[in-house]
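Analysis of the macromolecular model
Residues per chain are reported as follows:
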Amino acid sequence: MRLPFTALHVVQPGDGGVARVVTDVVGAHVAQGMRVAVACPPDTPLAAAVRARGAEVHVWRAGRDPGPAVPAESRRVAELVDLVRPDLVHAHSAKAGLATRIAVRGRVPTVYQPHAWSFEAVDGVTAALARRWERWAARWTDRVICVSEAERRRGERAGVRAPWTVVHNGVDVSRFGPFTAGADRAAARAVLLPGVPAAAPVVVCVGRLCRQKGQDVLLRAWDEVAARVPGARLVLVGDGPSADALRAAAPPSVVLTGVVADALPWYRAADLAVLPSRWEGMALAPLEAMASGRPVVLTDVDGARESLPPGHAAHCLVRPGDPAALAAALVRLLQRPILRQALGRQAHQHVLTRFDVRRAGAAIADVYREVTAAPRHRELREPIAQ
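A brief structural summary. Model, not experiment: these values are computed from the prediction. (Residues numbered from 1 in each chain as written. Predicted model: local features only at pLDDT ≥ 70, side-chain atom pairs only at ≥ 80, totals over all residues. Heavy atoms only, no water.)

**Quick look at the overall build of the chain**
The helix and strand tally for the chain stands at 16 helices and 13 strands. Since a compact globule built from 386 residues should have a radius of gyration of about 21 Å, the 21 Å found for the chain is in line with a globular shape. Along the longest, intermediate and shortest principal axes, the C-alpha atoms of the chain span 65 × 45 × 40 Å. By the burial criterion, 56% of the 386 residues in the chain qualify as buried. Across the chain, every contact between residues at least 6 apart in sequence was considered, and the portion connecting residues at least 24 apart equals 68%. (Helix = DSSP H or I, 4+ residues; strand = E, 2+ residues; numbered from the N terminus. Rg over C-alpha atoms; globule rule 2.2 N^0.38 Å. Buried < 20%, exposed > 50% of the residue type's maximum accessible area, 1.4 Å probe, protein only. Contact = heavy atoms within 4.5 Å.)

Laid out in structure tokens, this is it:
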């Protein structure tokens, strides 16, 4: 791939995990000498973060869901393509993938990264329409990047026919020091949870407060955990459309932090992390928790098994939407500190050796090289029928 090479990322608003992935990959590519532009809503943490990493930031105002604003959102993407003149466009998540592929229609090499398929978030007719769109838009997609083999298989079963590459999510391992079991935990708790006894078991769940992430299921499980593990605390880190409902349902042993600039101190304050998602591609928060030396309890959705270290599934993986199974897994680990510490040490090493964002950035750069070097096919350039 020749340099300077220009990549334009179009990023769906409002997803913190995707924003962190994009920020780290952008930073890795800028460090390689790539010119990187990011189209995203202004005055957001993502815009500030990628600008700090050396990327150009261009205003793209968009909602999360399809609707009457899509034509205007797509026209803005087309304007940005004309302005930036990228060698390649990389669309992240369903809404950006919709607007970008309508705007570009194969005129510029296009990479699409769903970060969990849109048709998993909906049911019935809406899900059928989402699957139909993903199958249709594949003709304007030079490569689909999936963050797990499970996500790729789900796309194939839905009938999406496109060239695939699997690139697991990664974390910036330079942010995470050597494994420690106690000192960093005590220091973080003194700042974040004043008044909570130092010995109180603490579980954290980091993620957007929404149906996808399953915090409602976690609250239903928490009554059993609190009854069997006296003094246990649950911290929900993040914000989102379910925040008010979760706050109203939360007992006194549950803390909701709202938006935080950096979740790392909360992982350090925890004994255990949990993410009870209903669907994912491969969630980033569990990788961050494990890099912090904390074991994580996950639901068995796409990417979960691939993210866990060998042997951890028996302790850390439960069925989605099952509060009783979730409670049982949390109680077992909270009551077994020696096992928990061993799992945390293994998790830390696993992420540092297998999920370094530099590896993910290099793999995505390889995709860019392959896509831009390949001959352009006529079916990638056909217009939308009027």
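Alright, that's what it looks like, and here's the rest.
**So, the environment of glutamate 151**
Assignment of secondary structure puts glutamate 151 in helix 6 (residues 149–157). Sequence-wise, glutamate 151 and valine 38 are 113 residues apart; in three dimensions their C-alpha atoms are separated by 25 Å. Here glutamate 151 is in contact with Pro114, His115, Ala116, Trp117, Ile145, Cys146, Gly281 and Asp302, once residues within four sequence places are set aside. A polar contact of 2.5 Å, which involves the side chain of glutamate 151, links it to the backbone nitrogen of alanine 116. (Polar contact = N/O pair within 3.5 Å; in protein donor to acceptor, adjacent residues only side chain to side chain.)

**Considerations on the pairing of strand 5 (residues 110–113)**
Remember that side chains alternate between the two faces of the sheet whenever the strand is regular. Of the two faces of strand 5, the one carrying Thr110 and Tyr112 and the one carrying Val111 and Gln113 are both buried. Pairing analysis gives 4 bridges linking strand 4 (residues 88–92) to strand 5, with the strands arranged parallel. Counted as the bridge partner of alanine 91 is tyrosine 112 from strand 5. Taking the sense of rotation as the criterion, the β-α-β connection linking strand 4, helix 4 (residues 93–104) and strand 5 turns out right-handed. In this view, the connection linking strand 5 to its parallel neighbour strand 6 (residues 143–146) by way of helix 5 (residues 124–137) has right-handed handedness. (Pairing = 2+ DSSP bridges. Right-handed = clockwise from strand over helix to strand, strands pointing away.)

**So, the packing of aromatic side chains**
Taken as a whole and assessed by the stated rule, the structure comprises 6 aromatic pairs. Residues tryptophan 133 and tryptophan 140 carry aromatic rings whose centres are separated by 6.4 Å and whose planes lie at 55° to one another, so their mutual orientation is tilted. Connected via pairs of aromatic rings, a cluster forms that spans Tyr112, Trp117, Phe119 and Trp164. Note that arginine 139 overlies the ring of tryptophan 136, its terminal NZ or CZ placed 3.4 Å from the centroid. In this structure, arginine 175 is placed above the aromatic ring of phenylalanine 176, and the distance from its NZ or CZ to the ring centre is 5.7 Å. (Phe/Tyr/Trp six-rings, centres within 6.5 Å; stacked < 30°, edge-to-face > 60°. Lys NZ or Arg CZ within 6 Å of the ring centre and 35° of its normal.)

**Remarks on the sheet that holds strand 10 (residues 254–258)**
Pairing in this open sheet of 6 strands is parallel, and the strands run 10-9-8-11-12-13 from one edge to the other. Each edge of the sheet is formed by a strand with only one pairing partner; in this case those strands are strand 10 and strand 13 (317–318). In this sheet, strand 12 (residues 296–299) lies alongside strand 11 (residues 272–275) in parallel orientation, the contact comprising 3 bridges. Residue pairing in the sheet places alanine 273 in a bridge with valine 296 of strand 12. On top of the sheet, helix 14 (residues 323–334) reaches strand 8 (202–206), strand 11, strand 12 and strand 13; it is set at about 170° to strand 11, its chief contact. (Axes fitted to C-alpha atoms, helices over the stretch in contact; angles between N-to-C directions.)

**Brief notes about the nonpolar core**
Judged by nonpolar contacts, the single largest core of 94 residues is most densely connected at Leu236, Leu326 and Leu330. If one sorts the elements of this core by residue count, helix 14 sits on top with 8 residues. The contacts of leucine 326, once residues within four sequence positions are left out, are Val217, Leu218, Ala221, Val274, Pro276, Val297 and Val318. Ranked by size, the runner-up nonpolar core spans 16 residues in total, among them Val77, Val84, Ala103 and Val108. (Core = buried A, V, L, I, M, F, W, Y, C linked by side-chain atoms within 4.5 Å.)

**A short note on the pattern of salt bridges**
Scanning the entire structure with this criterion turns up 25 salt bridges. Several salt bridges converge on common partners, so that one network encompasses Arg185, Arg189, Asp271 and Arg340. (Salt bridge = Lys/Arg side-chain N within 4 Å of Asp/Glu carboxyl O.)

**So, the pairing of strand 3 (residues 56–59)**
Pairing geometry for strand 2 (residues 35–40) and strand 3, over 4 bridges, is parallel. Within strand 3, the position partnered with valine 38 by the bridge is valine 57. Each parallel crossover has a hand, and the one from strand 2 via helix 2 (residues 45–52) to strand 3 is right-handed.

**A few points about unusual backbone geometry**
Phi is positive for arginine 105, close to 50°, though the residue is something other than glycine. Mapping arginine 105 onto the fold places it in the loop between helix 4 and strand 5. In this structure, alanine 116 is a non-glycine residue whose phi angle is positive, near 95°. If you trace the backbone, alanine 116 turns up in the loop between strand 5 and helix 5.

**Here's the deal with helix 3 (residues 70–84)**
Between its terminal C-alpha atoms helix 3 stretches 21 Å, which fits the 21 Å expected from 15 residues at 1.5 Å a residue. What helix 3 keeps buried is the set Val70, Glu73, Ser74, Val77, Leu80, Val81 and Val84. Along the axis of helix 3, the buried residues cluster in a sector spanning 115°; they form a single face. Opposite the buried face of helix 3, at more than 90 degrees from it, the exposed residues are Arg75, Asp82 and Leu83. The inward-facing, buried residues of helix 3 contact strand 1 (6–11), strand 2, strand 3, strand 4 and helix 4. (Expected span 1.5 Å × (residues − 1). Arc of directions from axis to C-beta.)

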